[in-house]
Amino acid sequence: MSRIGLPVLETPRLIIREIEESDVYDMFEYASLPNVGPVAGWEPHKSLSYTKSIIKMFRNKYQYGQLGVFAIVLKESDKMIGTIELHTYVKNHKAELGYTISPYFWGNGYAYEAAKAVISWGFNELELKRIECTAFVNNNQSNRVCEKLGLDFECVRKKGYMLYDGTIHDISCYAITDDEYFKSIRN
């Protein structure tokens, strides 16, 4: 897959654009916190250089047939407050939605707003047939975002995820198909 870049998506409050190297400070601000990474499945960042390496990896995902990672940026301040992506991408078939929001901005509906735009892009532009999302069963915030987005709860995958520290966790699985998505926007 050649690098074509991600589109810029806009919502009333957000710019959703490809993550850039200049996002390193904003990303490190939340990614280094102990209550962020572990609930999303990754280890807290210990240094700016580590965050830079993560951004570089995100920007190079296209080399592995993946789409890349969006930065979630507040329009009013131009501050990057999180990331969102469609990963585990299979062209014209499916992808998995993943997102992280800085806890300084939790409770404002930003994850929902960004995810709604990315799901629309996935079905309308990428012509996906299915978008999935998983979250740890005790991650009530992410599970609620999935429900609010109209993703159907499908199951709990018992012992479905191994965290970076080797602990095993159950995960809730949600999904929406293209038929369900287009029916919901017509109603």
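Throughout, a residue's number is its position along its own chain's written sequence, starting from 1. Totals for whole chains, interfaces and linings use every residue, but because this is a predicted model, local features are given only for residues with pLDDT of at least 70 and side-chain atom pairs only at 80 or more, for both listing and counting. Processing note: side-chain calculations cover all non-hydrogen atoms of the structure and skip hydrogens and water entirely.

Q: Residues and numbers for the pattern of salt bridges, please.
A: Within this document, salt bridges are pairs made up of a side-chain nitrogen of Lys or Arg and a carboxyl oxygen of Asp or Glu, the two lying within 4 Å of each other. This model, assessed by the stated rule, comprises 12 salt bridges. For the salt bridge of arginine 13 with glutamate 113, the shortest nitrogen-to-oxygen distance reads 2.6 Å. Here arginine 13, found in the loop between strand S1 (9-10) and strand S2 (14-18), pairs with glutamate 113, found in helix H4 (residues 110-124); they are 100 residues apart in sequence, far enough to count as distant. Each of Lys94, Arg130, Glu132 and Glu154 takes part in a single network of salt bridges with overlapping partners. A helix here means a DSSP run of H or I that spans at least four residues, while a strand means a run of E at least two residues long, and both kinds are numbered starting from the N terminus.

Q: Describe in detail the environment of glutamate 113, supporting the description with residues and values.
A: For every residue, the accessible area (1.4 Å probe, protein chains only) is compared with the maximum for its type, and the residue is labelled buried under 20%, exposed over 50%, or partly exposed between those bounds. Under the relative-accessibility criterion, glutamate 113 is labelled buried at 13%. In the structure, glutamate 113 is positioned 36 residues away from leucine 149 in sequence and 9.1 Å away in space, judged by C-alpha atoms. By the convention used here, residues are in contact when the closest approach between their heavy atoms is within 4.5 Å. Other than its neighbours up to four places away in sequence, glutamate 113 contacts Thr11, Pro12, Arg13 and Leu14. We call two N or O atoms a polar contact when they sit within 3.5 Å, provided that within protein one can donate a hydrogen and the other can accept it, with sequence-adjacent residues counted only if both atoms are side-chain atoms. A polar contact is formed between the side chain of glutamate 113 and the side chain of threonine 11, at a distance of 2.4 Å.

Q: An account of the pairing of strand S7 (residues 152-162) is requested, with residue identities and associated values reported.
A: Side chains on a regular strand alternate between the two faces of the sheet. Each pair of strands is called paired provided DSSP finds at least two bridges between the two strands. Pairing of S7 with strand S8 (residues 168-177) involves seven bridges; the strand directions are antiparallel. Note that in S8 the partner of phenylalanine 153 across the bridge is tyrosine 174. Counting the residues between successive antiparallel strands, the hairpin from S7 to S8 contains five residues, one of them, glycine 166, with a positive phi of roughly 90°.

Q: For unusual backbone geometry, give the residues involved together with the corresponding values.
A: The residue aspartate 78 is not glycine, and still its phi comes out positive at about 60°. As for its position among the elements, aspartate 78 is in the loop between strand S3 (70-74) and strand S4 (80-90). The exposure class of aspartate 78 is exposed, given its relative accessible area of 57%. Positive phi outside glycine occurs at lysine 159, with the angle close to 55°.

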